Every structure is written in C-alpha cells, then in structure tokens.
Amino acid sequence: MTAEIHKESSSKTNPKLFNVWLLNIGIVMLFAGLTSAYIVRRADGNWLDFELPSMFLYSTIIVLLSSVSLYYALRSAKQDELGGVKLGLILTIGFALAFCVTQYLGWQAMLDQGLYFVNNQSEGEKVSASFVFAISALHLLHIVGGIIFLLVTAVKAFNLEVHKKNTNLIVMCNTYWHFIGLLWVYLYLFFYFAPGF
Amino acid sequence: MSTATAHADHHLKETFISKYVFSMDHKMISKQFLITGIIMGVIGMGMSIAFRLQLAWPDTSFPILEWLFGRWAPDGKLDPGFYMGLVTIHGTIMVFYVLTAGLSGTFANLLIPLQCGARDMASPFMNMLSYWFFFLSSVVLLSSVFVETGPASGGWTIYPPLSALPKAMAGSGAGMTLWLVAIILFIASSLLGGINYISTVLNMRTKGMTMTRLPLTIWALFLTAVLGLLSFPVLLGGGLLLMFDRGFGTSFYLSDIWLNGAGALEHTGGSPILFQHLFWFLGHPEVYIIIMPALGITSEVIAVNARKPIFGYTAMVISLLGIAFLSFIVWGHHMFITGMNPMLGTAFLITTLIIAVPSAVKTFNYLATLWRGNIRFTNGMMFAIGLVSMFISGGLTGIFLGNATLDIQLHDTYFVVAHFHIVMGSAAIFGMMAGIYHWYPKMFGRLMNKPLGYLHFWMTFISAYLVFFPMHFMGLAGVPRRYYSFTLLPEYGVWMDVNVLITSAAILGGIAQLIFLYNFFSSIWFGKKSSENPWQATTLEWTTPVEHIHGNWPGEIPTVHRWAYDYSKPGYEEDFIMQTTPDDGQEEQLFETETSPSAPDKKDVPEGETVMFWALIKKWFGSARA
Ligand code: HEM
Ligand SMILES: [Cu+2]
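Residues numbered from 1 in each chain as written. Chains lettered and ligands numbered in written order. Predicted model: local features only at pLDDT ≥ 70, side-chain atom pairs only at ≥ 80, totals over all residues. Heavy atoms only, no water.

Some points on the overall build of chain A
Link 1 in the chain: In terms of regular secondary structure, chain A is built from six helices and zero strands.
Link 2 in the chain: Secondary structure elements of chain A occur, N-terminal to C-terminal, as α-α-α-α-α-α.
Link 3 in the chain: Taken over the C-alpha atoms alone, chain A extends approximately 65 × 35 × 25 Å along its principal axes.
Link 4 in the chain: Here chain A holds 197 residues, and the buried ones make up 51% of them. (Helix = DSSP H or I, 4+ residues; strand = E, 2+ residues; numbered from the N terminus. Buried < 20%, exposed > 50% of the residue type's maximum accessible area, 1.4 Å probe, protein only.)

In structure tokens:
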C-alpha cells in the first residue's frame, strides 16, 4: 500500500523525511518564541545579566562532534559499510549522553553561583536564570527524543537493516539530530551574547 | 497493477475496531472529527444559552439550571464564579474544539487526499494519532467542568495572574491545570494533523495536479496548516512557562503580588504582559486558522453553485497568502491598552488595517463570482452566501477596533464580542455548515433533507444577526464584557430589554441547530441516496465511488488535465467539465490570448477607461483560463 502511494505521487521526496523537516520548523517556532520572550522580558528591566558557565561551551563542542559521528554513520550506510554505520551510531549515542551530562553540570554550576530556577523575592533574586533553565531543559527534552531516535536506528543497524538500499531511517535521524544540535549552538550563542546587548 | 483486488482484500480483513475506532482511513477520521466537533458544539452552545439566561433574567430562577448544574446553580440561579467558568469553557470549546479541530480536522481530512488525488494522507498513522489526541483533549477539557473547584474561569485567553496562581480563585486550581493539559494535548493533535496535511498537499498530488490547478479549498486548508505549524508551538512555549509558574513557583509571568488570605507572595520580577504577547502571537493566527478553511469551502461552494469559474483564482490565492503572512504581525492589536509604546501601537495599527485589503479582495471576488451567475440555491450555497454576509459585517467592525484610539474605548466591551462573533464565530460556522451540506453526499453517500436545510439556514441567519448585532450598540455605550450581571449600575440597566431580545434570539438559534442535528443524523440512514456527482462539480472527489473504499479510487488515480473551475465554458454541451477531462490545448490557448493583444475578440472592445480598467483587473486577478 505505502509503496503504491509513493509510486503514484507527484514528488520524489519521501513524505516521512518531509515530515521531519516540518517538525523541525515547528521546533524552530517554539524556541523562537521562547528566546523572543527572553528579549522582551529583558528589555523591561529588573533583570540580572550573568555569565554562562563554561560547561555549556563543552556541551556545544560535544554536540558538534556528535553531528560529525552521525554523518560518518550516514556516509558509511551509503557506501554499504555496515561496520561504520554501527560505530558511527554508537559514538553518536555516546556523545549524546555526554551532552546530557554537561548540561547537568552546567545547571549545577549555575546553582552554585546562586542562580536558581525558582527565584525568591526575599533574597532579591531575578527571573533571568529561570529563562536559561527552562529553555535549556526544553531543548534537552528534544535531545532525549533524539536519543530514542538514535537507539531505534542503532537497533535496526545491528539487525543489518540500515544499508545502501535502505537509508531512509538514517537520513531522517541525521536530519533531526543535526537540527537539534544546531539549535543548541544557536541557544548557546544567544545566551552568551544576549546579555551583552 | 492489481490495486483493486488488493483493496478488496484489505476491506475484508477490517474489524469493527480498525474500521470505526482506530481507523487510519482519512475519510473515517474526517467523520470522527466532524462528529466529535458537533458534540462539542452542542455542549458549547448549551453553555452559552445557560449564561445568556442569566444575562436576560438575572432575578429569575430556572429550575432547569439547577437540574443541569447542581450546586453550581443553587435555586436555579447560576453561581457567579461558575458563570465565568461557563464563559471560559464556551470560548475554549468554540474556538479550539469546534472551529479549529472540528472544521480543519473534518475538511482537511476529507478533502486533501480526495481533491489532490491521493490514496490517503502521507502518514495515516499520524493522522489517526491526531484524532485520538484531539479526543483525549476533549475529554480532559470536559472533565474540568466536574472538578470540585470548577473549571478554568479567567476567559479563553487565560491571562495571568488568574491563570498562574492556583490560589487566585476557585477556577484557577484544578480546573486551570486540566485546561492546560487539554490544550497541550490539543496542540499535539493539531501539529500531528497539520504536518500531515502540508506534506500530503506538497508531495502527494496526482499527475497533472499542479499547485495552480488546486481547488481553493486545498489552498486554504494547506495555508491553515502552515499557520498552525508556525503558531501553535509558540503557544506551547507560553503554556509551558505558565505551567512552571503554577507548578514550580517560577515567576515568568508573576511580579510582586499580594493575595487576599495568603499575604505577599514570593514571586517577583515576572511580566503578565509577556504572556499576552506569547498568547496573541498564536491567538491572532488562530482566528485565521478558523476562518481560512471556511473561506476555502465558500470559494468552492459558490463556484459550483453559481456555475461560474471562481472570479480571480490567482487573486484568491494571493490574498490567502497575504492574510497568512500578515496574521503574524498584527497580534499587538489585542494589546493596545497594555501600555505599549505608542510607536509600536501605531505599527500594529498599520499592519492590522492592511489585513483588511486581502480580506476585501476575497469578498469582492465572491460577489463577482455570484454576479450574473446561474445560481442554484442549494443548502450549501445558502450558507456560503451567509458567510459572505457575516464576513462583511464583522470585517467592518474590525476596522473600527484596529484603530488604537478607538480601541482604547472599545476594548473589553460588547463591541469586541459582537465583532468576533460575527466575523469569526458566525462566519466560520456558516462556512462549516456550507461544507457539511455540500460534502455530506461524499461523506455518507446520501443527501440531507433540503426543506429542513432551508429552515435551518433562515433561523440560524436571523438569529445570528439578532444576537450579535445589538451588541455593537451596547459596546459603544461602554457595556463591559464578562460581567455576571448588569443590575447594579443604572447605566447598564437600560440594556435589559436588549439582553432579553438577544437571549430569546439565541434560543431560536439553538432550536435551529436541533433541526440541523435531526437532519444530519437521520439522513445518515434515511436520506435520499446520492449519485456520484450530485452537484455536477468538477473536482476529483466526485470521481470516487459513492461507497467508500480504502484507497479512494478502485483503479488508477485519475490524471488531472485542467483547473478546478471550468464551469459554463462556452462551446461545451455541459456546464461543467471534470478536472479529469483531457483538454485540447489549454496551454496553447492561454499562450495565445496573453501574447497577441490584437486577437480578434479583443479588437471590437471599445476604447475607454472603464473597459481598460476591467480588462486589466481581469488580466491580473482573473484567470486567463476563464
Ligand atoms: C478586517 C479585518 C480585522 C480587523 C482589522 C480586526 C481587528 C481586531 C481588533 C483590533 C481586535 C481587538 C479588540 C479588542 O480586544 O479591543 C479584534 C478582536 C478579535 N478579532 Fe478581529 N479583526 C479583523 C478580522 C477578524 C477575523 C477575520 C477574525 C476571525 C476569523 C477575527 C477574530 C477576532 C477575535 C476572536 C477577537 C477577540 C478576541 C478576544 O479578545 O477574546 N477578527 N479584532
Ligand atoms: Cu487579532
């Protein structure tokens, strides 16, 4: 049935891959909304600008590395090197988990500086840190979704179902993963530079 | 290709559950959306009649209210807090559940595959999920009416602090939490659906179905889905921050607050206005998410029943695109009185008034299509014309409100209530009804009863104007919206008779919908059997067999050779030509008339400004294929 649908349809794009792109657009809007909220709220004053813990820089580097390893998996799949596919996916999952750890450590570092998610009036705290916590946590939720996606792809890869003639899944996985990786890079740069304006 | 037999096999294996409950067939999902939407509509309307009774007869006791609402209506009089709850849930149900999911969900599911020529949606599974998220969301929302502290009561726009502080009032507690859960499920549903609609329109059109040959319904439903994809995530973000404020004690939307009984709160530094920005960034596109499918349906129904090509196909598409784009940069007109910078207010004022231009283009095109048409007054056509009337009446008051200086006076009065109930509420309901009457034969294989349809139309039309038109005058006189009763202030007492009129008209409208319900449900079993193409329309859905089959077409999917509006084409025997009819040289003809200004038929056109003007208008906005 599905095969027929594709044969008859007007475009060569795989509709499922297309759906991943649309999902990404939705996610862009979510974070565009949230970072705009940050800007609007900051412009209102009564705001504390603070320096981002350096841990988040490590997150950024790790997420970029994970994209490289996932791309390696995709390229291997296209060349039918099944070993490379597995290695690439395992590495990516490793980097992804490391990303989660650095996020946790980054939050810890913020807490150590007295920047809390819930700010307390009697302590004279400001709302700024709440934004960073909330936005990065929502991003991490998307990373968790990505990890599940990676795991599914890895299971298929270990069942030898990801190869030259069957790259759909790994292409979709790449599309989503590079996207949320880039999204983090954007968020990092945003949190890094926004206080300076 | 043995498609036909494959489908027949498929058919046999279907169980009751896979056919009627967890169906992945877009036609069944469409009916599920429609029927759920109708049920929600009945509930929403019932609520409105309940609170209208309170407004018209504030001192009278209605035992039926006590019977319905129990301790929320002691001695047959609505409790003031519950009145606010009813208003809130009524608005939420109508805006999201009936006119977003009920309207887009029904017609996008039915028409996108059928009119584009696809066997189903890009992902039938996601499509099924979309419905079940919607169903779950409806259940959660309705359940909030039954919790001990009552449903959310701060209005459908759930502004903080009433929505952000669980202790602010009764409805701010469990009711508000359930409201938020319901809306998050709803957003999931509409994103799943919307992604699918977009993907199907862009990727799965049949051979020959170029974007410029798409029926306007599809354009409208497609752009509606795009609007949803771009705006619902922002509401999701805003809603999540609201949940953090409620659950964890953050202060995104809360600044220093002193709460009766609880003293000064720990919250500090937040901004309730921030929520309004996030809300209306969705909220305004949302109103176009509601009206655009109705406009698309109207384009189709009017062209079919005027037996004329839709006037200005290209202009219709461009104005839909314009509306879609502009709707993202006007949200501030809901916030003129929040103390925004006057410069910013002026910017929003300008963009808001510009949006009247594409809206007017659409209206004029409808009128021009009707002009000298060979009109068939089917039930669907009556409602489509009704939409045009409502869209004009309500659009005009939008221009009043768009002027910031006037809006400072009119904001939060009944004038706003009148504006949006006419331009959105009534117009979209009329569009939805037009669609139901028009595509009922496609959905159920039978026709609805025509005389009952007329009765339904006239009662609804008269009641809608009687209910909402007088509200303009109340609003101009300063009567505020969302008040439980107007008996305390003598200035408002003068409106007592008007309130009685409005409520009586609302009850009339309610009775009209009972007629519709009877007609709708009884026709499913007892209606006259429909032929394959009862309205003699040109689009692809009417080439499918009356009996639904999985995969829509028994053999191959038809190829499309022409646009959707070849009605009353000179030189043809019939007054409609199916999109599947091969066309001897549509392209060539097009080419010729556009490049040779001295074509014989143009020679004897007299010179003169008006003629030139119309020729130009026709050249730019009309379609050369007409
Ligand atoms: C000519 C085009 C339009 C203009 C200039 C316009 C302008 C406005 C303005 C300025 C307001 C804010 C009033 C206030 O709260 O003080 C408003 C409210 C509203 N408009 Fe429109 N409007 C137009 C068309 C529409 C359409 C087509 C729809 C829906 C299909 C719509 C739905 C609404 C709704 C739902 C509200 C009230 C929301 C609420 O406060 O509960 N409007 N409009
Ligand atoms: Cu608006």
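Remarks on the coordination of the iron atom of ligand 1
Six octahedral donors around a metal ideally subtend angles of 90 or 180 degrees, whereas four tetrahedral donors ideally subtend 109.5 degrees.
Residue and element names in this part refer to chain B.
Link 1 in the chain: When only protein atoms are considered, the iron atom of ligand 1 has one donor, His419 (NE2), at a distance of 2.1 Å.
Link 2 in the chain: Distance-wise, the copper ion (ligand 2) is placed 4.6 Å from the iron atom of ligand 1.
Link 3 in the chain: Along the polypeptide, His419 turns up in helix H15 (residues 414–444). (Donors = N, O, S within 2.8 Å, 3.2 Å for Na, K, Ca; no water.)

Some words on the site of ligand 1
Residue and element names in this part refer to chain B.
Link 1 in the chain: Near ligand 1 lie 24 residues; those nearest to it are Trp156, Asp407, His411, His419 and Arg481.
Link 2 in the chain: Within the side chain of His419, an N or O atom sits 2.9 Å from a nitrogen atom of ligand 1.
Link 3 in the chain: Contact distances for ligand 1 include 2.9 Å between an oxygen atom and a side-chain N or O atom of Arg481.
Link 4 in the chain: Among the secondary structure elements, those contributing two or more residues to the shell around ligand 1 are helix H9 (272–306), helix H13 (379–402) and H15.
Link 5 in the chain: It is H13 that contributes the most residues to the shell around ligand 1, six residues altogether. (Near = heavy atom within 4 Å. Polar contact = N/O pair within 3.5 Å; in protein donor to acceptor, adjacent residues only side chain to side chain.)

Focus on the pattern of salt bridges
All names here are of chain B.
Link 1 in the chain: Going through the model one piece at a time under the given rule, you end up with eight salt bridges over all chains.
Link 2 in the chain: A salt bridge links Asp412 to Arg481; its shortest N-O distance comes to 3.9 Å. Taken as a pair, Asp412 in the loop between helix H14 (404–410) and H15 and Arg481 in the loop between helix H16 (450–476) and helix H17 (490–493) lie far apart in primary sequence, 69 residues in all.
Link 3 in the chain: Taking the relative accessible area as the measure of exposure, Asp412 reaches 34% and is therefore partly exposed.
Link 4 in the chain: Note on Arg481: relative accessible area 14%, which makes it buried. (Salt bridge = Lys/Arg side-chain N within 4 Å of Asp/Glu carboxyl O.)

Brief notes about the confidence of the model for chain B
Residue and element names in this part refer to chain B.
Link 1 in the chain: Looking at chain B, the pLDDT average stands at 89 and 91% of residues meet or exceed 70.
Link 2 in the chain: Between residues 1–12, whose pLDDT stays under 50, and residues either more than four places distant or in other chains, the model counts 18 contacts.
Link 3 in the chain: Contacts for the low-pLDDT stretch residues 587–609, under 50 throughout, to residues beyond four places or in other chains number nine contacts.
Link 4 in the chain: Confidence estimates for the predicted assembly give a pTM of 0.90 and an ipTM of 0.91. (pLDDT = per-residue confidence, 0-100. Contact = heavy atoms within 4.5 Å.)

Overview of the interface of chain A and chain B
Interface size, as often reported, equals the accessible area lost upon joining of the parts.
Link 1 in the chain: Tallying the contact residues gives 36 residues for chain A and 43 residues for chain B.
Link 2 in the chain: Summing both partners gives a buried area of about 3400 Å² for chain A against chain B, and 69% of it is carried by carbon and sulfur.
Link 3 in the chain: Remark: the boundary between chain A and chain B carries zero salt bridges.
Link 4 in the chain: Viewed at the interface, chain B and chain A are joined by one residue pair in polar contact (both at pLDDT 80 or more).
Link 5 in the chain: Among the secondary structure elements, those contributing two or more residues to the side of chain A that touches chain B are helix H1 (2–8), helix H2 (15–43) and helix H5 (128–158) of chain A.
Link 6 in the chain: Considering every element that reaches the side of chain A that touches chain B, the biggest residue donor is H2 of chain A, with 14 residues.
Link 7 in the chain: Classifying every residue of the side of chain A that touches chain B gives 18 nonpolar, 13 polar and five charged. (Buried area = accessible area lost by both parts, 1.4 Å probe. Nonpolar A, V, L, I, M, F, W, Y, C, P; charged D, E, K, R; others polar.)

Some remarks on the coordination of the copper ion (ligand 2)
Residue and element names in this part refer to chain B.
Link 1 in the chain: For the copper ion (ligand 2), the full set of protein donor atoms is His284 (ND1), His333 (NE2) and His334 (NE2), and the range of their distances to it is 1.8 to 2.1 Å.
Link 2 in the chain: Read N to C, the donor residues that coordinate the copper ion (ligand 2) are spaced as H-x48-H-H.
Link 3 in the chain: Judged by relative accessible area, His284 falls into the buried class, the value being 5%.
Link 4 in the chain: You can call His334 partly exposed: its relative accessible area is 22%.

Points about a nonpolar patch on the surface
Residue and element names in this part refer to chain B.
Link 1 in the chain: A cluster of nonpolar side chains, namely Phe364, Leu367, Ile392, Leu396, Ile399, Phe400 and Leu406, defines an oily patch on the protein surface of about 620 Å² accessible area.
Link 2 in the chain: If you list the elements that add at least two residues to the nonpolar patch, you get helix H12 (356–370) and H13.
Link 3 in the chain: For the nonpolar patch, the element with the highest residue contribution is H13, accounting for four residues.
Link 4 in the chain: Tracing the backbone through its elements, the reader meets Ile399 in helix H13. (Patch = residues over 30% accessible without salt bridge, like charges linked within 9 Å, V, L, I, M, F, W, Y side chains within 5 Å. Areas by Shrake-Rupley, 256 points an atom, 1.4 Å probe, with all protein chains shown as cover.)

Observations concerning the packing of H2 of chain A against H9 of chain B
Link 1 in the chain: In contact at an axis separation of 10 Å, H2 of chain A and H9 of chain B are set at 150° when each is read in the N-to-C sense. As the angle between them shows, H2 of chain A and H9 of chain B are arranged roughly antiparallel. Handedness of the crossing formed by H2 of chain A with H9 of chain B: right-handed. Residues Met29, Gly33, Ala37, Val40 and Arg41 of chain A of H2 of chain A form the contact with H9 of chain B, whose participating residues are Leu274, His277, Leu278 and Phe281 of chain B. (Axes fitted to C-alpha atoms, helices over the stretch in contact; angles between N-to-C directions. Parallel < 35°, antiparallel > 145°, perpendicular 65-115°, else oblique. Left-handed = near helix turned anticlockwise from the far one by under 90°.)

Description of H15 of chain B
Residue and element names in this part refer to chain B.
Link 1 in the chain: Of all the bends found along H15, the most pronounced is centred on His438 and spans about 45°, while Pro441, a proline, follows it within four residues.
Link 2 in the chain: Counting buried residues along H15, 30 of its 31 residues qualify, which places the element largely inside the surrounding structure.
Link 3 in the chain: Of the residues flanking the end of H15, it is Gly445, one or two places downstream, whose phi is positive at about 75°. (Bend = angle between axes of the 7 residues up to and from the residue.)

Some thoughts on the nonpolar core
The tendency in soluble globular proteins is for nonpolar side chains to be buried side by side.
Link 1 in the chain: With 256 residues, the main nonpolar core has Tyr97, Ile436 and Phe520 of chain B as its most contacted residues.
Link 2 in the chain: The residues contacting Phe520 of chain B, other than those within four sequence positions of it, are Leu34, Ile35, Ile38, Ile436, Tyr440, Phe444 and Met448 of chain B. (Core = buried A, V, L, I, M, F, W, Y, C linked by side-chain atoms within 4.5 Å.)

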